[in-house]
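# Tertiary structure, described
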Amino acid sequence: MKLPSHITSTARRRAESASDRTPIYAMVGNPNSGKTTLFNALTGLRQKVGNYPGVTVEKKIGTTWSQHGKPIQVIDLPGAYSLAARSPDEAVLRDVLFGRREDTPQPDRIICVVDAANLERNLYLVHQILDLGRPVIVALNMMDMAAAAGLKVDAAALERALGVPVIPCEAVHGKGLVGLRLAMSRVELPLARHRWDVPAAVAPAVAELQASLTDNEGRAPLVARAEALLLLTDFDTVRVAGSRPLSARTHEILGNWRQRWESAGTDWAATLIRSRYDSIGGLCQDVVVRTREQGPSRSDRIDAVLCHSFWGWVVFGAIMTALLFSIFSLAEGPMDWIESQTTALKGLVNGAMAAGDLRALLTEGIIGGVGPIIKFLPQILILFFFVGLLENTGYMARAAFIMDRPMSKVGLNGRSFIPLLGSYACAIPGIMATRTIENAKDRLVTILVAPLMSCSARLPVYLLMIATLLPGDAVSAGKKAGLMLLMYALGTFGAFGFAWLFKRTLFKSAPPHMIMELPPYQPPRLREILRQMLGRAWLFLKNAGTIILAISIVLWALTTYPKHPDPAATPTEQIAHSFAGQAGHLLEPVIKPLGFDWRIGIGLITSFAAREVFVSSMGVIFGVAGADENPTPLRDALRAARWPDGAPLFTPLVCLVLMIYYVFAMQCMSTVAVVKRETNSWRWPLFQIFYMTGTAWLFCFVVYQMGRSLGY
Amino acid sequence: MSANTQFPLCQLPIGATGRVCHLAGDDSFCQRVREMGFGEAALVTKISGTTTSLCLVNGTRIALNHSAAMSIVVEPIPVLGQVSGLREKR
Amino acid sequence: MSARTQTIVALAIVAVTVALLVRIYVQKCRKPGCGGDCGALSPEVKKLQARLKK
Ligand SMILES: Nc1nc2c(ncn2[C@@H]2O[C@H](COP(=O)(O)OP(=O)(O)OP(=O)(O)O)[C@@H](O)[C@H]2O)c(=O)[nH]1
Ligand SMILES: [Mg+2]
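The model shown is predicted, which means the values in this text are computed figures rather than measured ones.

### Focus on the overall build of chain C
- Within chain C, the secondary structure is distributed over 2 helices and 0 strands.
- Taking all 54 residues of chain C together, 28% fall into the buried category.
- Carbon and sulfur atoms form 68% of the exposed surface of chain C, whose accessible area is close to 3400 Å².

### Looking at the sheet that holds strand β7 (residues 166-168) of chain A
All names here are of chain A.
- The strand order across the open sheet formed by 6 strands is β2-β3-β1-β4-β5-β7, and the pairing between neighbours is mixed. Either end of the sheet is taken by a strand with one partner, and the two such strands are β2 (60-65) and β7. Taken over all neighbouring pairs, the strand axes of this sheet differ in orientation by 25° on average, direction set aside.
- Bridge count for strand β5 (residues 136-141) against β7 is 3 bridges, and the pairing is parallel. Among the inter-strand pairings, Val-138 is bridged to a residue of β7, identified as Val-166.
- Of the strands in this sheet, β1 (24-29), β2, β3 (71-76), β4 (109-115) and β5 are in contact with helix α2 (residues 35-43), which crosses β2 at around 45°.
- Each of β5 and β7 touches helix α6 (residues 155-162); the most contacted strand, β7, lies at about 165° to it.

### Details of the coordination of the magnesium ion (ligand 2)
Residues and elements named next belong to chain A.
- Here the magnesium ion (ligand 2) is held by Thr-36 (OG1) and Thr-56 (OG1), and the distances to it run 1.9 Å. With Thr-36 in helix α2 and Thr-56 in the loop between α2 and β2, this pair connects stretches of sequence that are 20 residues apart.
- According to the relative accessible area criterion, Thr-36 is buried, its value standing at 8%.
- The buried category is assigned to Thr-56, whose relative accessible area is 16%.

### Notes on the pairing of strand β9 (residues 515-518) of chain A
- Burial along β9(A) is two-sided: A:Ile515 and A:Glu517 and A:Met516 and A:Leu518, pointing in opposite directions, are all buried.
- As defined by bridge partners, β9(A) adjoins strand β5 (residues 60-64) of chain B across 4 bridges and the pair is classed as antiparallel. Bridge pairing links A:Leu518 to B:Arg61 in β5(B).

### A closer look at the site of ligand 1
All names here are of chain A.
- Within the structure, ligand 1 sits among 25 residues, and Lys-35, Thr-36, Thr-37, Thr-56 and Asp-144 are positioned closest to it.
- At a separation of 3.4 Å, an oxygen atom of ligand 1 approaches a polar backbone atom of Met-142.
- A distance of 3.3 Å separates an oxygen atom of ligand 1 from a polar side-chain atom of Arg-525.
- Contact with the protein chains hides 98% of the accessible area of ligand 1, taken as 660 Å² for the molecule alone.
- Listed by contribution, the elements that provide at least two residues to the shell around ligand 1 are α2 and α5 (143-148).
- Considering each element in turn, the shell around ligand 1 owes the most residues, 3 residues, to α2.
- Residues belonging to the shell around ligand 1 are distributed by class as follows: 9 nonpolar, 12 polar and 4 charged.

### A few points about the environment of A:Ser326
All names here are of chain A.
- Structurally, the position occupied by Ser-326 is in helix α14 (residues 311-329).
- Sequence separation between Ser-326 and Ala-489 is 163 residues, and the spatial gap between their C-alpha atoms is 17 Å.
- Non-local contacts of Ser-326, meaning those with residues more than four positions away in its chain, are made with Ala-331, Ile-382 and Phe-386.

Analysis parameters
Per-chain numbering applies: the sequence of each chain, read as written, is numbered from 1 onward. The naming scheme follows written order: chains are lettered A onward, ligands numbered 1 onward. Reporting of local features is limited, given that this is a predicted model, to residues whose pLDDT is at least 70; pairs of side-chain atoms are given and counted only at 80 or more, and all residues count toward the totals for whole chains, interfaces and linings. Water and hydrogen atoms were dropped before computing side-chain values, which therefore reflect all heavy atoms in the structure. Secondary structure elements are defined from DSSP: runs of H or I of at least 4 residues count as helices, runs of E of at least 2 residues count as strands, and each element is numbered from the N terminus. Relative accessible area decides the class of each residue, using a 1.4 Å probe on protein chains only: under 20% of the type maximum gives buried, over 50% gives exposed, and in between gives partly exposed. All accessible-area figures derive from a Shrake-Rupley calculation using a 1.4 Å probe, and residue coverage is judged against the displayed protein chains alone. Between any two strands, at least two bridges found by DSSP are needed for them to pair. Helix axes are fitted only over the stretch in contact, all axes being lines through C-alpha atoms; the angle between N-to-C directions runs from 0 to 180 degrees. Whether two residues are in contact is decided by their heavy atoms, any of which lying within 4.5 Å being enough. As a rule, N, O and S atoms within 2.8 Å of a metal are its donors, except that Na, K and Ca use 3.2 Å; water is not among the atoms, so sites may look incomplete. Consider each residue's heavy atoms; a residue with any of them within 4 Å of a molecule or strand counts as near. Two N or O atoms count as a polar contact when they lie within 3.5 Å, although within protein this holds only if one can serve as hydrogen donor and the other as acceptor, and sequence-adjacent residues are included solely when both atoms are side-chain atoms. Polar here means any residue other than Ala, Val, Leu, Ile, Met, Phe, Trp, Tyr, Cys and Pro, which are nonpolar, and Asp, Glu, Lys and Arg, which are charged; Gly is therefore polar.

Function cannot be inferred from these measures alone, as they are strictly geometric.
Encoded structure:
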C-alpha cells in the first residue's frame with residue numbers, strides 16, 4: 001500500500017509506543033455496513049450477523065493475527081449513524097471510542113467499515129471519527145452492492161483524498177481481507193489529512209470549549225476538540241461527556257455560547273452537520289462515478305409489494321402460517337424416531353439391571369426427564385431456520401415497517417417490533433435488542449412486554465399439550481398448527497395489550513418519531529443460517545445435557561425420597577409421600593381453581609428455572625406411572641393420569657388452560673436476570689414476574705371456570 | 001416555486017419526488033434526520049405507505065412513521081428539468 | 001447390584017448433581033444469559049444505564 005509521505009512522520013511517535021504491545025482495533029461504522037461479517041472473517045468467531053440495522057448491541061473482543069503472526073485485538077461494536085449517540089447501543093460505540101468503559105481498553109486504531117453503495121452517509125461518521133486524530137483504516141465494504149447499484153467507487157481516489165488507507169472489500173465473499181490484514185499489520189499508520197475546517201460561526205466556540213476541556217478535564221487536545229463538537233450538537237452533557245460531570249468552567253462556557261446562539265436564533269447544530277456534508281459531498285464527487293442512471297432497484301420493486309398496506313399483511317400472515325405448519329408437518333418423522341430411540345434405551349436399561357434405585361434414577365430420572373425434551377429438537381431447528389431466513393434476507397426490517405401501524409395504536413413504533421420479533425426465538429436477545437430504541441420509556445415498555453412473545457422454550461410445552469389434547473394421527477397437522485397459532489396470537493396480543501396499558505399509565509409519553517433504514521434484500525445465505533441453526537441446536541442440547549439433566553435428577557430424588565412406608569405403594573402414592581409431593585400439595589390450593597393438581601404444581605415450580613423443564617418434570621413424575629416393562633410415550637402417560645376420584649386429569653380444557661398459563665407466566669430465570677441488568681434495578685423484573693404470572697393465573701382461572709360451567 | 005406548495009412528507013403522493021424544505025419537530029429528531037443525509041435540500045422519492053412512509057433518499061430506503069413524516073416539510077418537484085432553479089446540487 | 005448399593009450410588013449421583021447445580025447457579029449469578037452467544041453478558045451495562053438514566 002502506497003503511503004502519502006508527509007503523513008508517516010506524524011504517526012511515528014504514536015506507532016512506536018504502540019508497537020511493543022498488542023494493538024487494539026475497533027470496528028466502527030453505520031449499522032448494517034458489515035462490521036460483524038468482517039470481524040468474524042478476521043477473528044474466526046461466530047458473532048451474529050443479520051441483514052437489518054441493530055444486530056450487534058454490545059461490544060465483543062476477538063483476536064486476529066498480523067501478517068507476521070503477531071496477535072491483534074479487534075473489538076466489534078454496535079453500528080451508529082453519528083457519534084452523537086441517541087440510543088444505548090450507539091452510546092456503547094461512543095464510550096468505547098472515548099475510552100470511557102472501564103472494562104474495555106481504549107482502541108489504538110480504528111477500522112471504519114463503510115458501505116460503498118451508500119458512501120455519502122457512511123462518510124459522515126468517518127468524518128467525525130477522523131476528528132479524533134487516531135490512525136484510521138477505511139474498509140470500503142459491499143463493493144458488489146455498489147456495482148449492482150451502478151456505482152463505481154474509486155478507492156484510490158478516496159485514499160488520496162482522506163490520506164488514510166482505503167481497502168475495498170466484500171466481507172461476505174472474503175474479498176479484500178488480505179489487504180485489510182496487511183494494512184492492520186503495519187507498524188505505522190498514517191494520520192488522516194483532515195481538511196475540514198469548523199465553520200467560522202462555530203469555530204470560536206469550539207476553540208474555547210476545547211481549551212477548557214483540555215485544561216479543566218484533562219482531555220487530550222484532539223479528543224477535547226471532538227468532544228467539544230459533540231457538546232455543541234447535543235445539549236445533554238451527561239450523555240455526551242459520560243458520568244463524570246463537566247467542570248464549572250466548561251459548563252459556563254457552554255452555557256454562554258448556547259445563550260448567545262439562542263438569542264441570535266441560529267441553528268448551529270444544523271450548520272455543523274451541513275458543513276460536514278458539504279465537505280463530504282465535494283469528496284464524493286471525485287470518488288463516486290454513476291455508471292448508469294438509477295431506476296427503482298430490485299429491492300424497491302419487492303418493497304412495493306412487501307410493504308404494501310394490504311399485500312404486506314398477506315405475505316406476513318403467509319410466512320407465519322408456513323412457519324407453524326412446517327413445525328407440525330416436517331418434524332413428525334424425526335420426532336418419532338427420537339422417541340422410539342429413547343423408549344428403546346429405557347427398555348435396554350430395564351432389561352440389563354435389577355430393580356433398584358439406580359435403575360429408577362437412570363430410566364425415570366435421566367431418560368424420562370431428558371428424553372422428552374430432546375424430542376423437540378427438530379421443531380426448534382425449524383423455528384430457527386425460519387428466524388434465520390427472516391433475519392438474513394432483510395425481511396425483519398420490513399416486518400417492523402408493516403407493524404408500525406398497529407404498534408402506533410398502542411403507543412410504540414415499528415422499531416420496537418424488531419426486539420419483539422426476536423423474542424419469538426428467545427426473550428433474552430430480544431431484550432438486548434431493545435438497546436436500539438431511542439426513547440427510554442418506550443424501551444422499558446418493550447422490555448416489559450417482550451417475554452410475552454412465545455419463545456422457543458415454550459414450544460415443547462405447547463407441543464406436549466397439543467399432543468395430549470389432540471391425540472395421534474387422527475388429527476391433521478393443520479388443526480394442530482391452528483391451535484399453536486392461537487397460542488402465538490394470544491401472546492402477541494397480550495404483549496400489545498400490556499404495552500398499550502403501560503403507555504397509558506406508567507410511561508406516558510408522546511408517540512415517538514421513528515426513522516429506520518430498510519436494507520437492500522439479500523439472497524439468504526444458507527451456510528450462515530445453517531450455522532446459526534447448529535449453534536442454537538448445540539445450545540439446546542447443552543442445556544438439556546446440563547441444567548435439565550441436573551434438575552431431572554434432583555427432581556427424581558425429591559419424588560423418590562422419603563420412601564413410602566408401604567413397599568407395595570403405587571408410584572403415585574410414593575410421589576405424594578415424597579418431598580416434591582409435599583411441596584406440590586402445599587401449592588395445590590392455589591392452582592386447583594385452574595384445574596391443576598399437585599403433580600402439575602411440581603412442574604410449575606421446577607419450570608421457574610426454564611419453561612421447557614416442565615416437560616421433563618412431567619416426564620419424571622408421570623413416566624414413573626408407566627409400567628416398567630413397556631414404557632409408553634409421555635403423552636399417553638399424561639392422558640392416563642387421573643384425579644383421586646378417577647376423573648381424567650389432563651382433560652382438553654386443562655391442556656388448553658395449561659398452555660395459556662405458559663403463554664403469560666414469567667417462568668424464566670435468565671430473563672429475570674437480563675431484565676435486571678438492562679434496567680439496572682430489581683424493580684422492573686419483579687414487577688414483570690408479578691404482572692405476568694398474575695395475569696396468567698387470572699386468565700386461566702376465567703377460562704377454566706367458564707369452560708367448566710359450559711360443561712367441558 | 002412559491003412557498004404555499006410546501007406540505008409534510010406524509011402527503012407526498014406515491015412515486016413523486018420532493019425536496020426537503022425544512023424540518024419541524026424537536027432538536028434531537030432534526031439532528032438525526034440531518035445526520036442521515038435527510039436534511040434540507042435532500043431529494044426524497046416516496047415508494048409506498050400511507051401512515052408509515054417508505055422513502056428513497058440518496059439511494060437508501062428509509063422508513064418513517066406518521067409523526068416523523070409529519071415533521072418533514074417538502075415541496076414537490078414537478079418534472080425534473082422544468083424548473084432550472086432546482087438543479088443545483090445542495 | 002444389590003438394592004442397597006443401587007440406593008447408595010443413586011444418592012451419590014444426586015449429591016454430585018446438587019453440587020454442580022449450585023455451581024452453575026453461582027456462575028449464572030455472575031454472568032446471566034441464555035448460554036453465551038446472544039451477547040447478554042455485560043456487567044458494564046449497569047454503568048451505562050446509570051449514565052443514560054439522567
Ligand atoms: N452483498 C454484500 N453483503 C454483505 C457484505 N458484507 C456484509 N454483507 C451483509 O450485510 C448484512 C449486515 O452485516 P453485519 O455484519 O451484520 O453488519 P453490521 O455492521 O455488523 O450490522 P450491525 O451490527 O447491525 O451494526 C448481512 O446480511 C451480511 O451478509 C458485502 O461485502 N457484500
Ligand atoms: Mg454487527
